[in-house]
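Topology and contacts: notes
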Amino acid sequence: MKYKKTKIKIKRSKVNLYNKRKNRKKQVAAIIITAVAACALCILGYGIGKPLMDYFRNRDTIISSSAMWTPEGSEALENSSDASSTPAQSSSQTPVEQPKPSMTKSAYFLSGEAALSSAALNSEISAAKSSGHSVIVVTLKDSEGIFLYKTAIEKVKTKGTLTASQIASEIEKAGLIPAAMISTLKDKTNGVALGCCYKFKEGATWLDGRPGVGKTWLSPFDDKTGEFIKAITSELSNAGFKRIVAVDTMYPNFYSSDISENLAHLPLKDRTKRAEALWNVIASAKEGCGEAELYIEMDGSKLIASKKDGTNAEMAFTPERLKTANLIVDYSPSESDPYAAAQKFIEKLKTALGGAECVVRIKGNSQTIIENVKKAFDEAGIEAFSQ
């Protein structure tokens, strides 16, 4: 049986099988290259993109903290100026503000003769302690210029038998704080011997009054006066006294002839130079104090008066200097409505101080009056004490 041959139609493809295989290789290679490129971009993008993102997110913080270069050492100044508004982070790095020294409301002034013997001294110390006082003020150079303790300073007059160290030690043994009071310029005893009293232009000693009756004063215009006062405060500080009260830092009540003729070579007509000379004496006293605190005592009635010349308040003619000093203002209460009188005094006192601070020593014997006066000072925010 014959089979019939049928023609088979062959369709030719335009696709080259070789090329097809070759294209697959290219595709694989392209995929690999693409994957590598993607990884590289991810790494590069993270390395660059993240800092950029962080920058834009924190741009404000960066600009505010490093926009301006500051010189070395200025950071400490900036921190100190911002201390009031920025809370301290570490107590070990932040200095503790020291309180302003104060006589406290429990200061007790001993009598002028207390330092002359151990018996008198201990008797008054006991009385002060039993009254609840903690600061004992003892006079060691009086307004006559006499030293009431056994001093090592040469050419001066003394009638004391105890040394300054012995006096301070007796006070400390009682658990109290020793303070010394000294008269500075009101001194009719030592000026001639030390060569620092007032002198006429030709060199003769000037007297506050007629010969035989008059007295000498220490001159604040003489450098030897400052050296003398400094030697006293240095001796007392080294002896153990924690506070020193300077009184009588003042001029005599000169006659007009003294100012215009007898002592015309001194600037007694110039109120500013007069006050400056007094402050120079205080500066010398403070320099000798060492660790002891120096106080200046002034009469309150003189301090509020318009005329202060020749008083212990004359330094108040330069009120700016008062702001750097520790002041004790003496006040004698009025027996007629003491509370109202104290209020009026306080108003005038604040004006005279010109912003300076002080403590007030109330002088008086009536406890009722003192309590009324203290009430007025307490309400005004002024520390006051009495004994």
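Look up a bit, the structure's there.
In what follows, the accompanying structure is described. (Residues numbered from 1 in each chain as written. Predicted model: local features only at pLDDT ≥ 70, side-chain atom pairs only at ≥ 80, totals over all residues. Heavy atoms only, no water.)

**A short note on the overall build of the protein chain**
- Of the regular secondary structure elements, the protein chain holds 13 helices and eight strands.
- By residue count, 39% of the 387 residues in the protein chain fall in the buried class.
- Nonlocal contacts in the protein chain, meaning residues at least 24 apart in sequence, comprise 74% of its contacts between residues at least 6 apart.
- For the protein chain, the computed accessible surface area is about 23,700 Å², with 53% contributed by carbon and sulfur atoms. (Helix = DSSP H or I, 4+ residues; strand = E, 2+ residues; numbered from the N terminus. Buried < 20%, exposed > 50% of the residue type's maximum accessible area, 1.4 Å probe, protein only. Contact = heavy atoms within 4.5 Å. Areas by Shrake-Rupley, 256 points an atom, 1.4 Å probe, with all protein chains shown as cover.)

**Digging into the packing of aromatic side chains**
- Tallied over the full model, the rule gives 11 aromatic pairs.
- Aromatic pair phenylalanine 109 and phenylalanine 385: ring centres 6.2 Å apart, planes at 5°, arrangement stacked. Remark: phenylalanine 385 occurs in strand β8 (residues 383-385) and phenylalanine 109 occurs in strand β1 (residues 107-109); sequence separation between them is 276 residues. Of the two residues examined, phenylalanine 109 and phenylalanine 385, each falls in the buried class.
- Relative to tryptophan 206, the ring of tyrosine 198 has its centre 5.6 Å away and its plane inclined at 75°; by these criteria the two rings are edge-to-face.
- Using a relative accessible area of 2% as the deciding quantity, one classes tryptophan 206 as buried.
- Counting every residue linked through ring pairs, the aromatic cluster contains Tyr198, Trp206, Phe221, Tyr251 and Phe254.
- Just above the ring of tyrosine 251 sits the side chain of arginine 274; from NZ or CZ to the centre is 4.4 Å.
- Directly above the aromatic system of phenylalanine 109 lies the positively charged group of arginine 361, at a separation of 3.6 Å from the ring centroid. (Phe/Tyr/Trp six-rings, centres within 6.5 Å; stacked < 30°, edge-to-face > 60°. Lys NZ or Arg CZ within 6 Å of the ring centre and 35° of its normal.)

**Description of the pattern of salt bridges**
- As enumerated under the stated definition, the model contains 13 salt bridges in all.
- Of the charged contacts in the structure, one is a salt bridge between lysine 141 and aspartate 187, with a shortest N-O distance of 2.9 Å. Here the residue lysine 141 occupies a position in strand β2 (residues 135-141), and aspartate 187 occupies one in the loop between β3 (177-183) and α6 (191-194), the gap between them amounting to 46 residues. The exposure classification of lysine 141 matches that of aspartate 187, with both residues buried.
- Between glutamate 144 and lysine 188 there is a salt bridge, with the nearest N and O atoms lying 2.9 Å from each other. One end of the pair, glutamate 144, is in the loop between β2 and α5 (164-173); the other, lysine 188, is in the loop between β3 and α6, with 44 residues separating them in the sequence.
- What makes glutamate 144 partly exposed here is its relative accessible area of 36%.
- A relative accessible area of 42% places lysine 188 in the partly exposed class. (Salt bridge = Lys/Arg side-chain N within 4 Å of Asp/Glu carboxyl O.)

Taken by themselves, the reported measurements are silent on function.
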